[in-house]
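# Working through the structure, step by step
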Amino acid sequence: MVERNPHLTGSICRNLLFSLFTLSSILFILSWFFVLRSTSRPLFIEHSMLPNSPLFATTGNADPKDSDQYASKPSSFRSESVPGGHENVVADCEKQLLKVFMYDLPPEFHFGLLDWKPEEGSSIWPSIRTRIPGYPGGLNLQHSIEYWLTLDLLASELSGNSHGGRKARRVHNSSDADVIFVPFFSSLSYNRFAKVKPQEKHSRDKLLQRKLVKFLESQEEWKRSGGIDHVIMAHHPNSMLEARNQLWPAMFILSDFGRYPPPIANVLKDVIAPYKHVIKTFVNDTSTFDTRPTLLYFQGAIYRKDGGIIRQELFYLLKDEKDVHFAFGSVQRDGINKASQGMHSSKFCLNIAGDTPSSNRLFDAIASHCVPVIISDDIELPFEDVLDYSEFCIFVRTSDAIKKNFLINLIRGIGRDDWTRMWNRLKQVEKYFEFQYPSKEDDAVQMIWSAVARKVPTIKFKLHRSGRFTDGTSWKERSFLVPRNFW
């Protein structure tokens with residue numbers, strides 16, 4: 001009998017086991033590959049969802065020969081519909097007008113602050129068909145959004161004033177409204193009546209804020225939603241100081257968040273609106289890189305507190321550069337006209353943080369087609385969900401700007417072609433920051449209404465979520481309460 005070779009048998013067993021292990025491993029890896037592939041997102045990029053897609057694209061009235069970069073973008077700010085996609089939903093939303101219920105507040109809260117008085121027995125609102133109360137000029141204008149938005153709502157009721165670009169209309173039944181508008185001219189109230197007069201304990205501005213809080217808290221609309229669907233304008237950084245901590249559930253329209261703690265104001269619930277520029281718009285601008293002699297321009301207050309301390313440091317870094325204008329300036333002694341001339345003849349304009357992260361200087365620069373150089377780490381920008389500011393602005397971190405020669409070398413390194421591309425884009429986007437009456441399609445007023453409209457789904461989500469549970473009262477009696485940790 002032939003004896004088995006133990007070494008041969010062991011070798012065969014080992015080979016067999018190794019083959020089985022290898023096969024099992026391959027099958028295991030393949031099974032996981034197909035499982036992961038079936039549950040993962042597609043590997044292609046949906047270009048229609050990118051910021052530069054037609055969904056978000058914006059253009060102006062510039063000659064298409066000005067820049068090839070924007071030639072492929074649609075000529076309208078509104079979304080273009082793609083059948084069966086997310087774009088369809090957005091396009092449908094854009095077609096619907098924002099329905100706004102506006103409180104009929106007494107004139108002392110709005111046009112009465114402009115010394116307008118209703119005729120005996122007449123409406124609490126001015127007859128804008130015949131005469132529109134004027135707004136104070138100078139720096140008062142920069143925070144005047146409350147005036148333009150209220151006028152636009154009043155105009156939405158006039159026959160023959162339904163231009164195709166209108167984004168909001170007034171409704172008189174609050175149950176039909178998307179948002180509730182509070183027409184308190186808070187910035188004007190602060191500018192004109194914040195000081196306490198002799199023999200008075202409180203300023204008129206503070207008293208108006210207290211009356212407003214009392215009024216709102218007594219309204220069924222506020223009780224029903226806890227204020228979540230209310231829109232309150234507080235564009236001046238110091239406006240609504242008395243009332244903001246009580247009315248914080250509402251949507252604020254602000255210039256920035258510099259003087260607000262995050263629970264009171266934040267980018268999720270509030271809207272950042274542009275300042276109204278105070279310098280002259282550069283009409284029929286045919287300037288070129290070579291015809292603007294000043295490289296970098298700044299004129300304004302140099303010594304500021306908080307984040308504005310950087311202005312002083314930059315002044316000492318740049319004051320001796322031959323083609324840089326960095327000087328103190330104000331609205332006095334024809335300051336606005338001088339600033340207009342200076343910005344119109346400059347390639348780049350500095351927008352540096354002041355007492356707050358934002359300033360009107362950015363919007364003056366846009367109106368001048370002077371490429372803004374933004375040095376403000378905490379700045380929030382209007383309509384940034386639909387506008388890419390990097391296409392027409394230069395952003396510099398504060399820590400970099402104060403390094404010796406960093407800023408000036410950066411600006412000198414930007415050549416004619418890059419500057420011309422940004423200059424063309426400025427001419428295209430400037431209309432989005434223009435306040436006027438009557439309002440026009442895609443101007444600042446309509447852009448603000450669009451920004452408010454984009455918050456409406458979130459408002460409805462919060463209201464629906466907060467109404468999940470009842471406390472035993474009837475549905476008609478129940479009001480929606482805002483949880484303490486709601487935001």
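In this text the structure is predicted, and so the values were computed from the model without any measurement.

## Quick word on the overall build of the protein
- Assigned secondary structure in the protein consists of 14 helices and 11 strands.
- Put simply, of all contacts in the protein between residues at least 6 apart along the chain, 67% involve residues at least 24 apart.
- Looking at the protein as shown, the accessible area adds up to about 26000 Å², and 55% of this sits on carbon and sulfur atoms.

## As for the nonpolar core
- Formed by 114 residues in total, the largest nonpolar core has its most connected members in Ile253, Phe326, Phe348, Leu350 and Val373.
- Here this core takes 8 residues from helix α3 (residues 145-155), the largest share from any one element.
- The contact partners of Phe326, leaving out residues within four places of it in the chain, are Phe298, Ile302, Arg311, Leu314, Phe315, Leu318, Leu350 and Ile352.

## Some remarks on the sheet that holds strand β4 (residues 230-233)
- Taken in spatial order, the 6 strands make up an open sheet running β2-β1-β3-β4-β5-β6, and their pairing is parallel. Every interior strand has two partners, whereas the edge strands, β2 (168-171) and β6 (271-272), have only one.
- The strands touched by helix α13 (residues 444-453) are β1 (98-102), β2, β3 (179-182), β4, β5 (251-254) and β6; relative to β1, the strand with the most contacts, the crossing angle is about 95°.

## Concerning the side chain of Asp323
- Looking at where Asp323 falls in the secondary structure, it is placed in the loop between α7 (310-318) and β8 (324-328).
- Residues contacting Asp323, with those up to four places away along its chain left out, are Pro293, Thr294, Leu295, Leu296 and Arg412.

## Looking at the packing of aromatic side chains
- Tallying each qualifying case throughout the model produces 21 aromatic pairs.
- If you follow Arg204 out to its NZ or CZ, it ends over the ring of Phe193, 4.1 Å from the centre.
- In this structure, Lys347 packs its charged tip against the face of Phe289, placed 5.0 Å from the ring centre.

## A few points about the packing of α3 against α13
- Across the interface, α3 lies against α13 with an axial gap of 10 Å and an inter-helix angle of 85°. Relative to α13, the element α3 is oriented roughly perpendicular. Contacts between α3 and α13 pair Ile145, Trp148, Leu149, Asp152 and Leu153 from the former with Val445, Gln446, Ile448 and Trp449 from the latter.
- Taken together, the residues that form the contact of α3 with α13 break down as 7 nonpolar, 1 polar and 1 charged.

## Thoughts on the confidence of the model for the protein
- When the pLDDT values of the protein are averaged, the result is 83; 76% of them are 70 or greater.
- Within the model, pLDDT remains below 50 along residues 35-94, and this stretch shows 71 contacts once partners closer than five positions in the same chain are excluded.
- The low-confidence segment residues 473-487 (pLDDT under 50) makes 29 contacts with residues lying over four places distant or belonging to another chain.

## Remarks on the pattern of salt bridges
- In total, this model carries 19 salt bridges according to the counting rule given.
- Between Lys403 and Asp400 there is a salt bridge whose closest N-O contact spans 3.0 Å.
- With a relative accessible area of 43%, Lys403 lands in the partly exposed category.
- Residue class for Asp400 comes out buried when judged on its relative accessible area of 15%.
- Within this structure, Asp104, Glu157 and Arg170 form a network of salt bridges that share partners.

## So, the state of the cysteines
- Under the counting rule described, the total for this entry stands at 1 disulfide.
- There is a disulfide in this structure between Cys349 and Cys370, and the S-S distance comes to 2.1 Å. One disulfide, between Cys349 and Cys370, carries an S-S torsion of 105° and so falls in the right-handed class. Residue Cys349 is found in strand β9 (residues 346-352), and its partner Cys370 is found in the loop between α9 (361-368) and β10 (371-375); the two are separated by 21 residues along the sequence. A single burial state applies to Cys349 and to Cys370, both of which are buried.

## Observations concerning the sheet that holds strand β11 (residues 394-395)
- What the 5 strands build is an open sheet, ordered β8-β7-β9-β10-β11; its pairing is parallel. Each edge of the sheet is formed by a strand with only one pairing partner; in this case those strands are β8 and β11.
- Alignment of β9 against β10, held across 5 bridges, turns out to be parallel. When the bridges of β10 are listed, Leu350 appears paired with Val373.
- Where helix α12 (residues 416-429) meets the sheet, it contacts β9, β10 and β11, and its direction lies at approximately 95° from that of β10.

## Thoughts on the pairing of β10
- For β10, a buried count of 5 out of 5 residues is recorded, marking the element as mostly surrounded by other parts of the structure.
- Of the two faces of β10, the one holding Val371, Val373 and Ile375 and the one holding Pro372 and Ile374 are both buried throughout.
- Bridge count between β10 and β11: 2 bridges; the pairing is parallel. Considered in β11, the bridge of Val373 is made with Ile394.

## Considerations on the environment of Cys370
- With relative accessibility at 0%, the residue Cys370 sits in the buried group.
- C-alpha of Cys370 to C-alpha of Trp419: the two residues are 49 residues apart in sequence and 9.6 Å apart in space.
- With near-sequence residues (within four places) excluded, Cys370 lies in contact with Arg292, Met343, Ser346, Lys347, Phe348, Cys349, Ala365 and Leu426.

## Some remarks on unusual backbone geometry
- A cis amide bond, omega 0°, links Tyr437 with the succeeding residue Pro438.
- Inspection of the secondary structure puts Pro438 in the loop between α12 and α13.
- Positive phi, close to 55°, is recorded for Asn284, a residue that is not glycine.
- Note on placement: Asn284 falls in the loop between β6 and β7 (294-300).
- Phi is positive for His369, close to 60°, though the residue is something other than glycine.

About the cut-offs
- Residues numbered from 1 in each chain as written.
- Predicted model: local features only at pLDDT ≥ 70, side-chain atom pairs only at ≥ 80, totals over all residues.
- Heavy atoms only, no water.
- Helix = DSSP H or I, 4+ residues; strand = E, 2+ residues; numbered from the N terminus.
- Contact = heavy atoms within 4.5 Å.
- Areas by Shrake-Rupley, 256 points an atom, 1.4 Å probe, with all protein chains shown as cover.
- Core = buried A, V, L, I, M, F, W, Y, C linked by side-chain atoms within 4.5 Å.
- Buried < 20%, exposed > 50% of the residue type's maximum accessible area, 1.4 Å probe, protein only.
- Pairing = 2+ DSSP bridges.
- Axes fitted to C-alpha atoms, helices over the stretch in contact; angles between N-to-C directions.
- Phe/Tyr/Trp six-rings, centres within 6.5 Å; stacked < 30°, edge-to-face > 60°.
- Lys NZ or Arg CZ within 6 Å of the ring centre and 35° of its normal.
- Parallel < 35°, antiparallel > 145°, perpendicular 65-115°, else oblique.
- Nonpolar A, V, L, I, M, F, W, Y, C, P; charged D, E, K, R; others polar.
- pLDDT = per-residue confidence, 0-100.
- Salt bridge = Lys/Arg side-chain N within 4 Å of Asp/Glu carboxyl O.
- Disulfide = S-S within 2.5 Å.

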